[in-house]
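If you want the building blocks of each chain, they are given just below.
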There are 2 protein chains.
Amino acid sequence: MKQLKVAMLGFGIAGKAFARILNQTHDEIFKTKGVDVRVVAITTGSRGSLYCMEGLDLVEATRQMTESGKFDNNSPTFSSLSSMDVVKNVDYDVVLELTPLNIFTGLPATDHIREALKRGKHVVSANKGPLAWHYRELKDLAKANNACFFFETTVMAGTPVFNMADNCLQFCKIDKIEGILNATTNYILKKMSKDIPISEIMRAGREGGFMEADASMDTEGWDAAAKLTVLMNALMDADITPDLIDRTGINEITTEDINAAKTRGNVIKLMCRGERHADGTVTGKVAPEEVPESDVFTDEKLVAVVSLYTDLMGKLTMMQYGLETTQAGYGVFIDTIRVIDTIICD
Amino acid sequence: MKQLKVAMLGFGIAGKAFARILNQTHDEIFKTKGVDVRVVAITTGSRGSLYCMEGLDLVEATRQMTESGKFDNNSPTFSSLSSMDVVKNVDYDVVLELTPLNIFTGLPATDHIREALKRGKHVVSANKGPLAWHYRELKDLAKANNACFFFETTVMAGTPVFNMADNCLQFCKIDKIEGILNATTNYILKKMSKDIPISEIMRAGREGGFMEADASMDTEGWDAAAKLTVLMNALMDADITPDLIDRTGINEITTEDINAAKTRGNVIKLMCRGERHADGTVTGKVAPEEVPESDVFTDEKLVAVVSLYTDLMGKLTMMQYGLETTQAGYGVFIDTIRVIDTIICD
């Protein structure tokens, strides 16, 4: 292999961060692995697409999107190809699924991934919908077509959870997972504990660019439930969907609850817990809990945290700090590198 | 490759745990990777050795050592081969360096590793001495001889630090490392904060089997300095030795110091800090520090913790819990698996 041709579906925060990291490391990748990574297509829903088999200029693509909010239809590489057009017809090696999430259906991302895998193309998904709703089908499809299917970014951005477990916890059985997986609710609860009104917290979060206009997917616990599902499917072979998670959001939590917890030396956190029981059944739960102030989960600076309980390696905890967009881009990037490493090895 | 022939130098806590894990996973390794892992030699300093090219019975070896504190010289596989005899003359694929540590010289472990690498044999070291004192020489020697040289166990036992960074943080630059790396001093400081007399703490630690009769390597900060050196050499390409670490132990810390810190909302911890500065120079420091009680470093249950500061992935923190001996055995085990994965790929 001398080239890795990449198709990007979506060019939002993670996509632009991926482009920046790839641009920065392209020559070093070529030097160390002998592979010239080229992005041959970038699609968006309503902002135009770019297509060029010789490889797109990622700096120029980023400039267009940042300056005018869309790709320039006078550009020689401008294209009207849709995401599905690209998935089905373009000659790429790996597709990056970065389209907007529909947390209740996983569409259209699942369709993109399914079509790519059927063609024997490798898939990197930053979109957690397909993983939460169709994990086993897609994993089996990837295996049957001898294709890579990686998704590090879906939980804790680029923090190595899935790649770490696949590489560094081989032959371990994971029977319990716990953590704080949703950054938005963690932020809201932290600010509420400082007696800041909820309307003010939401405004600051939106202005800071890290909170959706409609944060209900976060506050109702759906985002956390989807992430817990992905973890349980990938690490515990749980074969579940988010609707099977026992889910309570933070909407009912009041400043009074938080202050009452404080008098008991506790902090309220939206905890995620997945477990395989002695009889083989699995259960997943997302709910606000009082955790002791002395616990790592209460670290004010952390964005997300996960603990894995293994048979051979005991308990392992990983913490994510910062909300740098580069971390989501890095998750997509390292999965792409892993595709290269897998191809080189095969 | 159909077989991986393993030579074990040393059969202490990590060695016996490795044997147990290998025994438990042997058939699954064969099933998934097609490799029959056999231990062909086990050496000790003064408790006899075992040697059998057909593969030793690890359950029987463990039984002998546990029941009589030595290998049975009536056993058909009993041998008088020394570690260096095995390293130089036996037909193995990978050698596991598990001999006792000399923290000031790295000997004789460094000699074992050097000889094995010169023969083009793969090396897994749980011994941090060679890594702390001769990292670059040994790494270069491994490269020149196309041999693997892995050492996950040297820092935080099997907690994936080196393998994780190699696999999951590719193309990241690490310019700062901080953490608590020595479990013994962390335990001592924690108990001191509960007003338990130092003599009582040491007695309980020795009886619990996790503290040396002479804990001065821990309390003077040498163990932490050696571990910080290994981290800085492997992750920051620092090319330093433990004597270059600015090192202060915990011997001067009194219960009064700990209580005074407590009144300021702080906890005293033996912190390790390594950094690459803007001018390219690196510095390493091990010293007691007051850290805020709200910090993750103060979690009462943790054994060790490390934070890596990267350019592309921000800050990443990993925590080790429990002092299960299985974790050290797992570190040696996963390095052995990584040797298999590397050979399969080559």
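Rules of the game
Residues numbered from 1 in each chain as written. Chains lettered and ligands numbered in written order. Predicted model: local features only at pLDDT ≥ 70, side-chain atom pairs only at ≥ 80, totals over all residues. Heavy atoms only, no water. Buried < 20%, exposed > 50% of the residue type's maximum accessible area, 1.4 Å probe, protein only. Helix = DSSP H or I, 4+ residues; strand = E, 2+ residues; numbered from the N terminus. Contact = heavy atoms within 4.5 Å. Polar contact = N/O pair within 3.5 Å; in protein donor to acceptor, adjacent residues only side chain to side chain. Axes fitted to C-alpha atoms, helices over the stretch in contact; angles between N-to-C directions. Parallel < 35°, antiparallel > 145°, perpendicular 65-115°, else oblique. Left-handed = near helix turned anticlockwise from the far one by under 90°. Nonpolar A, V, L, I, M, F, W, Y, C, P; charged D, E, K, R; others polar. Least-squares fit on C-alpha atoms with pLDDT ≥ 70 in both. Phe/Tyr/Trp six-rings, centres within 6.5 Å; stacked < 30°, edge-to-face > 60°. Lys NZ or Arg CZ within 6 Å of the ring centre and 35° of its normal. 1 Å grid on protein atoms, 1.4 Å probe; cavity = no way out; pocket = protein on both sides within 12 Å on 5 of 7 lines; lining within 4 Å. Points joined across faces, edges and corners; volume = space filled by probe spheres on them. Pairing = 2+ DSSP bridges.

### Quick notes on helix 7 (residues 183-192) of chain B
All names here are of chain B.
- Among the 10 residues of helix 7, seven are classified as buried, and the element is accordingly described as predominantly covered.
- Among the residues of helix 7, Thr-184, Thr-185, Asn-186, Tyr-187, Ile-188, Leu-189 and Met-192 are the ones counted as buried.
- Against strand 8 (174-180), helix 8 (198-207), helix 9 (216-219), helix 11 (255-263), strand 10 (266-276) and strand 12 (302-310) lie the buried residues of helix 7.
- The residue sitting at the N-terminus of helix 7 and contributing the capping side-chain oxygen is Asn-182; that oxygen lies 3.3 Å from the backbone nitrogen of Thr-184.

### Brief notes about the packing of helix 5 (residues 128-144) of chain B against helix 10 (residues 222-236) of chain B
Residue and element names in this part refer to chain B.
- The contact between helix 5 and helix 10 brings their axes to 9 Å, and the two run at 60°. By the angle between their directions, the pair helix 5 and helix 10 is classed as oblique. For the element pair helix 5 and helix 10, the recorded crossing hand is left-handed. Across from Lys-128, Leu-131, Ala-132 and Tyr-135 in helix 5, the residues of helix 10 making contact are Asp-223, Ala-226, Lys-227, Thr-229, Val-230, Asn-233 and Ala-234.
- Split into classes, the residues belonging to the contact of helix 5 with helix 10 amount to six nonpolar, two polar and three charged.

### Considerations on the relation of the copies chain A and chain B
- After a rotation of 180° and a shift along the axis of 0.0 Å, chain A superposes on chain B with an RMSD of 0.0 Å. Both copies of the chain, as the preceding transformation shows, are related through a two-fold rotation axis.
- A share of 100% of interface residues in chain A that are also interface residues in chain B marks the association as one of identical surfaces.

### Looking at the packing of aromatic side chains
- In this structure the tally under the stated criterion is 14 aromatic pairs over all chains.
- Note on Phe-11 of chain A and Phe-71 of chain A: the rings are 5.6 Å apart at their centroids and 45° apart in plane angle, and the pair reads as tilted. Pair noted here: Phe-11 of chain A is in the loop between strand 1 (3-9) and helix 1 (13-33) and Phe-71 of chain A is in the loop between helix 2 (58-68) and strand 4 (78-79), with a separation of 60 residues, a long-range link.
- By relative accessible area, which is 5% here, Phe-11 of chain A ends up buried.
- According to the relative accessible area criterion, Phe-71 of chain A is buried, its value standing at 1%.
- Ring plane angle 65° and centroid distance 4.9 Å describe the contact between Phe-151 of chain B and Phe-162 of chain B, whose orientation is recorded as edge-to-face. Of this pair, Phe-151 of chain B sits in the loop between strand 7 (149-150) and helix 6 (162-168) while Phe-162 of chain B sits in helix 6; the two residues are 11 residues apart in sequence, bridging distant segments of the chain. Phe-162 of chain B matches Phe-151 of chain B in its accessibility class, with the two residues each being buried.
- Site record: aromatic cluster; members linked through ring pairs are Tyr-135, Phe-149, Phe-151 and Phe-162 of chain A.
- Across from the ring centre of Tyr-309 of chain B, 4.3 Å away, lies the NZ or CZ of Lys-176 of chain B, which sits over that ring.
- Sitting over the face of the ring of Trp-222 of chain B, Arg-247 of chain B holds its NZ or CZ atom 3.9 Å from the ring centroid.

### Here we look at empty space enclosed by the protein
- All told, the structure shown has two cavities of 30 Å³ or more when counted by the stated rule.
- In this model, the largest cavity occupies a volume close to 40 Å³.
- Every residue lining the largest cavity is listed: Glu-293, Ser-294, Asp-295, Val-296, Thr-298 and Asp-299 of chain A together with Glu-293, Ser-294, Asp-295, Val-296, Thr-298 and Asp-299 of chain B.
- If you add up the space inside the second largest cavity, you get close to 30 Å³.
- If you go around the second largest cavity, the residues you meet are Phe-149, Phe-150, Phe-151, Glu-152, Phe-162, Asn-163, Asp-166 and Arg-338 of chain B.
- Mapped by element, the contributors of at least two residues to the lining of the second largest cavity are strand 7 and helix 6 of chain B.
- Ranked by the residues each element gives to the lining of the second largest cavity, the list is headed by helix 6 of chain B, at three residues.
- Looking at the lining of the second largest cavity residue by residue, the class counts come to four nonpolar, one polar and three charged.

### Comments concerning the sheet that holds strand 8 (residues 174-180) of chain A
- Taken together, the 12 strands give an open sheet; going across it, the order is 9(A)-11(A)-10(A)-8(A)-12(A)-13(A)-13(B)-12(B)-8(B)-10(B)-11(B)-9(B), and neighbouring strands pair in mixed fashion. Across the chains shown, the open sheet's two edge strands, defined by having one partner strand only, are strand 9 (246-247) of chain A together with strand 9 (246-247) of chain B.
- Here two bridges tie strand 9 of chain B to strand 11 (residues 282-292) of chain B, and the two strands are oriented parallel to one another. Directly across from Asp-246 of chain B, in strand 11 of chain B, lies its bridge partner Lys-285 of chain B.
- The sheet strands contacting helix 7 of chain B are strand 8, strand 10 and strand 12 of chain B, and the helix crosses strand 10 of chain B at an angle near 155°.

Worth remembering: the numbers are spatial, not functional.
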